[in-house]
Amino acid sequence: MFKVSAPVKLRFVCPVLGALALAACAEAPSSKIVPTQKLALSKVSLAPDQARRAINAYRAERGLKPLVIEKLLTRAARQHSQDLAKSDRISHRGSDGSDPWGRVRSTGYKPRLAAENVGAGQMSFSEVLQGWKDSPGHNKNLLLADATQMGIALVTNPASRYLTFWTLVLGKPAKPALASR
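Residues numbered from 1 in each chain as written. Predicted model: local features only at pLDDT ≥ 70, side-chain atom pairs only at ≥ 80, totals over all residues. Heavy atoms only, no water.

(A) A look at the confidence of the model for the protein. The predicted model of the protein averages 82 in pLDDT, with 75% of residues at 70 or higher. Note on residues 1-35: pLDDT is under 50 here. Beyond four places in sequence and across chains, it has 46 contacts. (pLDDT = per-residue confidence, 0-100. Contact = heavy atoms within 4.5 Å.)

So, in structure tokens, the structure goes:
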């Protein structure tokens, strides 16, 4: 993704995070699907709490605070995975032109920070998590020190070339405005 070397107010950086997250997915999954993968598709599933525990264990190894699952971030992740599955593609850009930041905000979530990881073609959460760890941009998102919340989704499409579409959204809500006196 990108590196901020000096402290920058997140309200200026965060809108850029979504756009720059596109660079994190430059590596496309293999489009070579073997017939047995289609048979195994019925066994592909996502247990959000197990995914959260695995991500938090990875973060804890690096001294980072755990994430909690947030329903609006989960909604943003699910909607994007559905869009990717319907259009049979892998991208941070929605079929409607939306970016991660806009999708998160459209759920009603008011982000101070938002980032997105996507994956396609992996047949288990452990496989997609390993892919994210191995990708510098995705790994940077997994290890965002300021992130406090996450949403995750898996959508399958047996008629597509990738079969599985994974989205992880990380965020931190904006602080509530101070009450006027």
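(B) Summary view of the sheet that holds strand 4 (residues 164-173). The sheet built from four strands is open, its strands ordered 1-3-4-2 with mixed pairing. Two strands bound the open sheet, and with one partner strand each, they are strand 1 (68-69) and strand 2 (111-120). Bridging between strand 2 and strand 4 involves nine bridges; their strand directions are antiparallel. In the strand pairing of strand 4, L113 is matched with K172. (Pairing = 2+ DSSP bridges. Helix = DSSP H or I, 4+ residues; strand = E, 2+ residues; numbered from the N terminus.)

(C) Representation of the environment of R59 in the model. Residue placement: R59 occurs in helix 3 (residues 48-60). Taking C-alpha positions, R59 is 7.4 Å from L142, a pair spaced 83 residues apart along the chain. Among residues more than four places away in sequence, those in contact with R59 are L64, K65, L67, L142, L143, L144, A145 and A147.

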